[in-house]
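# Coordinates in review
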Amino acid sequence: TGANAGLGLESVRQLASLHDAPPCNGDTSCSDEDATAIIGVTIFLLCRNPVSAQQAIDSLTASKNNEYPTNVSFTYVPFDSSDRSSVKTAIETLSQSIPDRHIINGLLLNAGGFTSDRNGTLTKSATTIIAETNLIGHAVLVDGLIQSKKLQQGSRVIFSGSEAGMGEPFAIKWGNDLDYYINILNGKAYKTKKNKNKYTPQDGYGHIKGMIAFYTAAMARRHGDIYFAAVSPGSTKDTYLMDQGSFPNALKYVFKGFICLSGQHGVDVGAGRYIDALVDNNGGRDGWGYESGTFVCSKKGYIGEVCDATELKKGKPFGEQSKQDLVYEAVRSFMLR
């Protein structure tokens, strides 16, 4: 998702460059006719904007002969993770587009970020825009594809995580009751007793990225045949994360300065983390080796070597099953709306 620019588009490029697809997805029972019809790899680009999606596909297609195997194809699917009807339509489109007996090998849930919202505005589903865009819309997509049996044994689902989910500069003190997490999703956590709004994009982003890590772990425990991980791409150049409109210009430049001083790596490195998790070829390209349900983040700061977040002091809560279950229940309570 979010495949038309930045980390999403670079992930498509890297994924395409890896693949020479086996006939019939490894299904030895399929006929020669089936194999001829479906040999190759299809990468679905799930994006909001059809114009930029087509531009991305045109660019990818033009590079085929030089960079990608000719058996790789690119298909646009309209998708807005903040719009529940768009998510459901995407589920139907993907379920109908993928042949019988075939599955989605990998699903990268990259769309989101700070969004353009500055006030904790609610969607039609009674969740904040940032919660719906980054977490709940993606959770609905995953559920729908599990129900249609397009995500099943052998599939890999990667949520976009962030070191912000551990808190910056201080660790987030995660609650121990269901209402705590529900109130983050519906924005009530950012209201004072006098109903004054104290929402800030950085708080909303940190809370939701942390809840993504908890939710991913909970899903891994409930779906042992599907691989789940929350993976932070780290602090990455040229992703325009700070330019989505949620910050006033003065504050935006302060944050940009802080990010630059903290260090950044290229979009190829950030996307490479995603692809290492998404494509597990005998342990991944660089010996991935993380168990399903892991939140993988930078070991120090926002770039460099990665680790299981629970190895870090601020990341230890992500290993607590009780919190994972609370987040799971909180997210599910909004998914049917």
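This is a predicted model, so every value here is computed, not measured. (Residues numbered from 1 in each chain as written. Predicted model: local features only at pLDDT ≥ 70, side-chain atom pairs only at ≥ 80, totals over all residues. Heavy atoms only, no water.)

### Quick notes on the overall build of the chain
Operational definition: Segments assigned H or I by DSSP are reported as helices when at least four residues long, segments assigned E as strands when at least two residues long, and all are numbered from the N terminus. Partly exposed residues are those whose accessible area sits between 20% and 50% of the maximum for their type, while under 20% is buried and over 50% is exposed, using a 1.4 Å probe and protein chains only. Between two residues, a contact is recorded if the distance between any of their heavy atoms is within 4.5 Å.
Helix and strand counts for the chain stand at eleven helices and seven strands. When the 337 residues of the chain are sorted by exposure, 51% land in the buried category. Within the chain, counting contacts between residues at least 6 apart in sequence, those at least 24 apart form 75% of the total.

### Observations regarding the pattern of salt bridges
One side chain can pair with another of opposite charge once the charged atoms of both are near each other. Which entries qualify depends on this criterion: In the sections that follow, a salt bridge refers to a side-chain nitrogen of Lys or Arg positioned within 4 Å of a carboxyl oxygen of Asp or Glu.
Scanning all chains against the criterion turns up eight salt bridges. Close ionic contact of R273 with E163 constitutes a salt bridge, the shortest N to O distance being 3.7 Å. Within this pair, whereas R273 is found in helix α10 (residues 267-278), its partner E163 is found in the loop between β4 (156-160) and α7 (178-185), the two being separated by 110 residues in sequence. Comparing R273 with E163 shows no difference in burial state: the two are buried.

### Focus: the side chain of E163
Quick note on the threshold: Contacts described as polar in this section are N or O atom pairs within 3.5 Å, which, within protein, must combine one atom able to donate a hydrogen with one able to accept it, while residues neighboring in sequence count only if both atoms come from side chains.
On the basis of relative accessible area, E163 is assigned to the buried category, the value being 6%. A distance of 2.8 Å separates polar atoms of two side chains, one belonging to E163 and the other to S298. Apart from residues no more than four positions distant in its own chain, E163 is found in contact with S232, G234, R273, F295, C297, S298, G301 and Y302.

### So, unusual backbone geometry
One non-glycine residue, T115, lies in positive phi territory at about 65 degrees. Here T115 lies in the loop between β3 (106-109) and α6 (129-147).

### Quick word on the packing of aromatic side chains
Applicable threshold: Here the aromatic set is Phe, Tyr and Trp, taking the six-membered ring for Trp, and pairing holds for ring centres within 6.5 Å; pairs whose planes are under 30 degrees apart are stacked, those over 60 apart are edge-to-face, and all others are tilted. Placement of a positive charge over a ring is assigned whenever Lys NZ or Arg CZ falls within 6 Å of the ring centre and within 35 degrees of the normal to the ring plane.
Enumeration according to the criterion identifies eleven aromatic pairs in this entry. By the ring-pair criterion, three or more aromatic residues cluster together here, those being W174, Y180, Y181, F214, F295 and F318. Positioned above the aromatic ring of Y227 is the side chain of R156, whose terminal nitrogen or guanidinium carbon lies 3.8 Å from the ring centre. Above the ring of Y328, the side-chain terminus of R222 is found at 3.9 Å from the ring centroid.

### Thoughts on the nonpolar core
Across soluble globular proteins, you tend to see nonpolar side chains buried next to one another. Let me state the cut-off plainly: We call a set of buried residues a nonpolar core when its members are Ala, Val, Leu, Ile, Met, Phe, Trp, Tyr or Cys and they connect through side-chain atoms within 4.5 Å of each other.
Grouped together as the largest cluster of nonpolar side chains are 60 residues, with contacts concentrated most on L135, L141, V142, L185 and Y215. Aside from chain neighbours lying at most four places away, what touches L135 is I130, F159, L185, I208, M211, I212, Y215 and V331. Among the nonpolar cores identified, the runner-up in size contains 30 residues, and V12, L60, Y227 and L278 belong to it.

### Comments concerning the sheet that holds β3
Note the following rule: We treat two strands as partners when DSSP finds at least two bridges between them. Each axis is a line fitted through C-alpha atoms, taken for helices only over the stretch in contact, and angles between the N-to-C directions span 0 to 180 degrees.
Spatial strand order, β3-β4-β5-β6-β7: five strands in an open sheet with mixed pairing. Edge positions in the open sheet fall to β3 and β7 (303-308), since each of these has one partner strand only. Between one strand and the next, the sheet's axes are offset by a mean angle of 25 degrees, whatever the strand orientation. Relative to β7, strand β6 (residues 294-300) runs antiparallel, the two being bridged by four bridges. From the neighbouring strand, K300 faces β7, where its bridge partner is I303. Packing against the sheet, α10 makes contact with β3, β4, β5 (227-231), β6 and β7, and its axis sits at approximately 155 degrees to β4.

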